[in-house]
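Descriptive analysis of the structure
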Amino acid sequence: MLALEAARQRSVAGEVHLAAHHRVLRAQRFAPGNAAHFSLFALVSSGRDRGSQATELDFLGRHLTAWRTLLDTTLGEGCCSITYTTGAPYYAGLRFKIMARMPSGPLEIGDGGLTDWTARLRADAKERCLISCVSTERWLALL
């Protein structure tokens, strides 16, 4: 929904940066330990390609700074790590995972990456969109 709103706002604005907390329903099959209903705190950034991946790097910096600040402030500095991967069913290129450091090993609490959602919604291949989120249930359970 945030990507849809970002695409709508992009028709009259430059870059758009949105955040929301919402409850979602996972329609697809999911792995054991994951719930069909869950809450996310999500960020979306959308804007026009400035060349040399400047837009994507700017958005990535904004999101990672926001997550690092929020998680370090609430869970303690160094509580989480970021791992980078590529591709997934709905990511286009760069993808990252937010992992909480646990005695039993890393626990995924969020993820993010580049999508083509606003480009498709606006029918403009120069549109860039980065999304990211953290599971609020997992986040709060770590407090």
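What comes next concerns the included structure. (Residues numbered from 1 in each chain as written. Predicted model: local features only at pLDDT ≥ 70, side-chain atom pairs only at ≥ 80, totals over all residues. Heavy atoms only, no water.)

Some points on the overall build of the protein chain
The condition is simple: Counting from the N terminus, the helices are DSSP H or I runs at least four residues long and the strands are E runs at least two residues long. We compute the radius of gyration over the C-alpha atoms and compare it with the globule rule, which gives 2.2 Å times the number of residues raised to the power 0.38. Under the scheme applied here, a residue whose accessible area is under 20% of the maximum for its type counts as buried, over 50% as exposed, and between as partly exposed, the area being computed with a 1.4 Å probe on protein chains only. What makes two residues a contact is simply this: any of their non-hydrogen atoms within 4.5 Å. Neither His nor the chain ends contribute to the count of charged residues, in which Lys and Arg are positive and Asp and Glu negative. In plain terms, the charge of a residue is placed at NZ if it is Lys, CZ if Arg, CG if Asp and CD if Glu.
Secondary structure assignment for the protein chain yields four helices and six strands. Secondary structure of the protein chain in N-to-C order comes out as α-β-β-α-β-β-β-α-β-α. For the protein chain, the C-alpha radius of gyration of 15 Å lies close to 15 Å, the compact-globule estimate for 143 residues. By principal-axis analysis of the C-alpha atoms, the protein chain measures approximately 45 × 35 × 25 Å. In the protein chain, which comprises 143 residues, the proportion classed as buried is 40%. Within the protein chain, counting contacts between residues at least 6 apart in sequence, those at least 24 apart form 49% of the total. Of the charged side chains in the protein chain, 17 are positive and 13 negative; the average position of the first set lies 4 Å away from that of the second.

As for helix 2 (residues 54–75)
Owing to its 3.6 residues per turn, the α-helix aligns residues three or four sequence positions apart on the same side. As a reminder of what qualifies: What a helix is expected to span follows from its residue count: subtract one and scale by 1.5 Å.
Over its 22 residues, helix 2 extends 31 Å from the first C-alpha to the last, a length consistent with the 32 Å expected when each residue adds 1.5 Å. Here helix 2 has its buried residues at T55, E56, F59, L60, H63, L64, W67, L71 and D72.

Everything listed here is a matter of geometry and, on its own, says nothing about what the molecule does.
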